[in-house]
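Descriptive analysis of the structure
Letter by letter, the chains look like this.
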Amino acid sequence: MPVPGGEYRGGAAPRRDDMRFAATVALPLAVVTRAGELGVVLAWKGALAPVTRGSAFLTMRYDRATPSIYSGAPLHRQARGNVTIDGRSAACDGTHLHINHVIEVVTDADHRWAIYTDAPSQLTCTSDGSLEIRGKTPQTVTLRAALLTACAYGTSSTGGCAEDGDVRAEKLKQNRALFSGAAARAAPPSASAKDDVAWELHDDHALVDFSFLYDGSDVFYALEQHVGWGALTPAGPCVDSLHGTACPVVGKKWQLRIPLGPAPSLKANRPISSKDRRAIRDALKADASRKLPKYYARGAGDTYFSGKELARRARLVVIADEVDDADTASLLAAEVLAALRNWLNPKNAETPFLYDEQWGGMVSCGCDFDEQSQTCTNNVAKDECPNLGACGADFGNGFYNDHHFHYGYFSYAAAVACEFAVCSSEDKERFLLLARDYANPQSDDFVAARHKDWYLGHSWASGTCQPANPNGRNQESSSEAVHAYEASYLLASRLGDRKMQAASRLYAATEVDAAQRYWHAATSTQIPRAYERPVVGMRWSTIAQFGTWFGGNPVFAYGIQLIPLTPYAEVRDSTAFSRALLPFYERDCDKVCEEEGWSISMIALKAAAGDRAGAWDAALALDGKAFDQAGGDGHSRSNLLYWIATRDPGLEMRATPVPTSHVVSPAPVASPVPDCVDGPGRAAAKACPATAPHVCYAGPAKGGCARAPWSRTDCARSCKRPKGFD
């Protein structure tokens, strides 16, 4: 990928497939002068660079600065030390070169780049271990780089050479014409203050406008969903990407017609039979007799598991009402409302929420929990807030990690509480504050749609922790992200916030669509063919990973994409996906799966696939302890039976047989060893290139290579590829 940056002076070396713009003098740290939903504008003294989603170009504007262009790779050996300037071959040997419009280079990665200028320039070119092109004097100029082909001479290892030579030659010709024309039409980049995403809701669809304001050019890559929603016409060769096929489109504005699908609701749209109703009432008695942990009831503890527990109780309220147990519904609703009031009370002395003016959000102070006393030992009165000082505390809540997961559960509980109990105006205001943190319809005291990536459609769970992960942003549970916006929709609809209700309807619909495209690998056409698992356990900016933060067992990856069980989960998980995933889940559900409650999601999946009878029997036979374990917390037997009872009774059970040729169970996580060269990391270390020498050999990212050392949260143990290792 092309990236803008300062002069390279050591540290993380440029990748061999990179192309970078810089200056001949070291640039200071960049300042973000404009940030929108589709991009940002980075500025240095003497330079400005827009970074825009889908852009065909790497762009940098120099203002009386001397440009520098470099790559981590030298020129390709078959280029014989030459570059192409305005159609003429020229030696890259340090002599002065004059460029009017474009210079083409082929790096050792077999990538052919075109670098366009909007003003004549004097340059020098060298290729001694790495490629560097430098200006002679300071000037005001805009440079744009575009990748013409990833297979110039047929030696690429990045997959660009799958097609035959004639096809590649034709695509190269088309790309030259497309990018040359776009560069000639382009205006200098700008830092426009206008909004780049706007939307309006209609009955069954939303109209979403994308405006590419910063780049100056008019060619951007559209993914399959953009092409379909916007009836966009590809203007040149399409390419494969981590997010499916991407096609260049001419135009600075797209209008996308996005279908909304069914709206979230508290209750399923199918009635429960009398027989099933009796069984659910029996299960409800046992589930309702359990009490909230006292610390959760008084508003103390972490915000994830407490939210799941409150939402679990809230689901019992809805189920009790539907099976005509009004007394239980009333008692549970009052219990949930009382706990929510304690959590959202500004005078909460154990785990208060705080408003963060810098980022425009609500963070939890945190709780140093003492198991023996069942209390928080930090002194809030003395500003002792563990969440604000450690990115690992409470899943990183103080740094905006996972807010939509955590607060989505709280919002769901609040929606139910205000449906079945009497919420005061003060309650409503406080509950909406928490929902606005992640589902705000516009930027005001809170940012709009904090986690949402409008270009891809899904949310990112990662927040502001530093240093940033070399793989970029990430999200593990697509289903909990869907639930977050389901919850804000339900809450807003009950509290009369029409703007949040409308926004949440769109947020939820795009989250469902993205989950099906980017996590439901068994039925998706937008996941690279090389990925051989039925689900994605964790999606990063640059990789799709099967493992999870908490382990590599396959059932962890399956189960974390299937929670929680609410009526909207039927919209999230298609019948085809349920049927395709079920055989894998049943095959991999081992002792850990049974004991830790991950089998609950498998039973629910069985019902969604059409085997209601088998799922019902399995749900009744479950050991009650499963609902208190890592994979079962948030579930209840009542809700599992309710889910099964409200599946389509006419759905015929069919399952896709487990493939045996390409689906491989993940290897067990290796234990740390003193020296990775002699241990399980040896093969991986051998495979890591010199430009990304740090290998992870235990944990979720096992086998991954990175430029910088892995963090402990990503990799249980890592090491550096020794110099000369082979």
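Now for a description of the structure that goes with this document.

Before going further, it helps to examine the packing of aromatic side chains. A full pass over the atoms with the stated rule returns 26 aromatic pairs. Relative to F395, the ring of F305 has its centre 5.8 Å away and its plane inclined at 55°; by these criteria the two rings are tilted. Here F305, found in helix α5 (residues 305-322), pairs with F395, found in the loop between α7 (386-389) and α8 (403-420); they are 90 residues apart in sequence, far enough to count as distant. Classification of F305 by relative accessible area gives partly exposed; the value is 33%. Taking relative accessible area as the criterion, F395 reaches 38% and is therefore assigned partly exposed. Ring centres 5.9 Å apart and planes at 50° place the aromatic pair Y438 and Y485 in the tilted group. Placement of the pair is Y438 in helix α9 (residues 425-439) and Y485 in helix α10 (residues 478-495), with a sequence separation of 47 residues. Clustering of aromatic rings is evident, with ring pairs tying together F210, F212, F220 and W254. The ring centre of W643 lies 3.6 Å from the NZ or CZ of R647, which sits over that ring.

Sheet architecture is open: nine strands sit in the order β3-β4-β5-β6-β15-β12-β11-β8-β9, paired in antiparallel fashion. Both edges of this open sheet fall to β3 (31-35) and β9 (88-91), since each of them pairs with a single strand only. The mean angle between the axes of side-by-side strands here comes to 25°, regardless of whether they run parallel or antiparallel. By the bridge criterion, six bridges tie strand β4 (residues 39-44) to strand β5 (residues 47-52) in an arrangement that is antiparallel. Bridging across to β5, W44 finds its partner in A47. Helix α1 (residues 165-185) contacts β11 (102-106), β12 (112-117) and β15 (139-149) of the sheet and is inclined by roughly 160° relative to β15.

Ordered in space as β16-β17-β20, the three strands form an open sheet in which the pairing is antiparallel. Here the strands that pair on one side only, and so sit at the sheet edges, are β16 (197-201) and β20 (253-259). The mean inter-strand angle of the sheet, taken between neighbouring strand axes irrespective of direction, is 20°. Taken strand by strand, helix α11 (residues 498-518) contacts β16, β17 (205-211) and β20, and its axis lies near 105° from that of β16.

A few words on the pattern of salt bridges. Counting across every chain of the model gives 30 salt bridges. Linking R185 and D218 is a salt bridge whose minimum nitrogen-to-oxygen distance equals 2.9 Å. With R185 in helix α1 and D218 in the loop between β17 and β18 (219-223), the pair connects residues that are 33 residues apart, well separated along the chain. Take R185: its relative accessible area is 47%, and that puts it in the partly exposed class. Note on D218: relative accessible area 14%, which makes it buried. A salt bridge links R313 to E335, with the nearest nitrogen and oxygen atoms 3.0 Å apart. Separated by 22 residues along the polypeptide, R313 in helix α5 and E335 in helix α6 (residues 326-344) bring together distant segments of the chain. Judged by relative accessible area, R313 falls into the buried class, the value being 3%. Several salt bridges converge on common partners, so that one network encompasses R53, D453 and R473.

Below, the discussion takes up the state of the cysteines. The final tally for this structure, using the stated rule, is eight disulfides. The partner cysteine of C418 in its disulfide is C423, sulfur to sulfur 2.1 Å. Judged by the sign of its S-S torsion, about -100°, the cystine formed by C418 and C423 is left-handed. Under the relative-accessibility criterion, C418 is labelled buried at 14%. Paired through a disulfide, C589 and C593 show a sulfur-sulfur distance of 1.9 Å. Between C589 and C593, the S-S torsion sits near -80°, and that sign places the bridge as left-handed.

Below, the discussion takes up the environment of Q374. As for its position among the elements, Q374 is in the loop between β23 (369-370) and β24 (375-376). If we skip the residues at most four places from it in the chain, Q374 touches Y295, R298 and F369. For Q374, the side chain forms a polar contact with the main-chain oxygen of E371, separated by 2.6 Å.

This part takes up the nonpolar core. In terms of nonpolar packing, the biggest core is built from 155 residues, with F179, F210, W254 and F431 touching the most fellow members. Once residues lying within four places of it in the same chain are set aside, the contact partners of F431 are L337, L340, L344, A414, C418, C423, L491 and L495. Within the second largest apolar cluster, 32 residues are counted, among which are A49, I115, C125 and A145.

Glancing now at α10. Relative to the 26 Å expected for 18 residues at 1.5 Å per residue, α10 spans 26 Å between its end C-alpha atoms, a close match to the ideal helical length. Burial of α10 is extensive: 16 of the 18 residues sit out of reach of the surface. Positioned one or two residues after α10, G496 has a phi angle of 80°, which is positive.

How each quantity is defined
- Residues numbered from 1 in each chain as written.
- Predicted model: local features only at pLDDT ≥ 70, side-chain atom pairs only at ≥ 80, totals over all residues.
- Heavy atoms only, no water.
- Phe/Tyr/Trp six-rings, centres within 6.5 Å; stacked < 30°, edge-to-face > 60°.
- Helix = DSSP H or I, 4+ residues; strand = E, 2+ residues; numbered from the N terminus.
- Buried < 20%, exposed > 50% of the residue type's maximum accessible area, 1.4 Å probe, protein only.
- Lys NZ or Arg CZ within 6 Å of the ring centre and 35° of its normal.
- Pairing = 2+ DSSP bridges.
- Axes fitted to C-alpha atoms, helices over the stretch in contact; angles between N-to-C directions.
- Contact = heavy atoms within 4.5 Å.
- Salt bridge = Lys/Arg side-chain N within 4 Å of Asp/Glu carboxyl O.
- Disulfide = S-S within 2.5 Å.
- Polar contact = N/O pair within 3.5 Å; in protein donor to acceptor, adjacent residues only side chain to side chain.
- Core = buried A, V, L, I, M, F, W, Y, C linked by side-chain atoms within 4.5 Å.
- Expected span 1.5 Å × (residues − 1).

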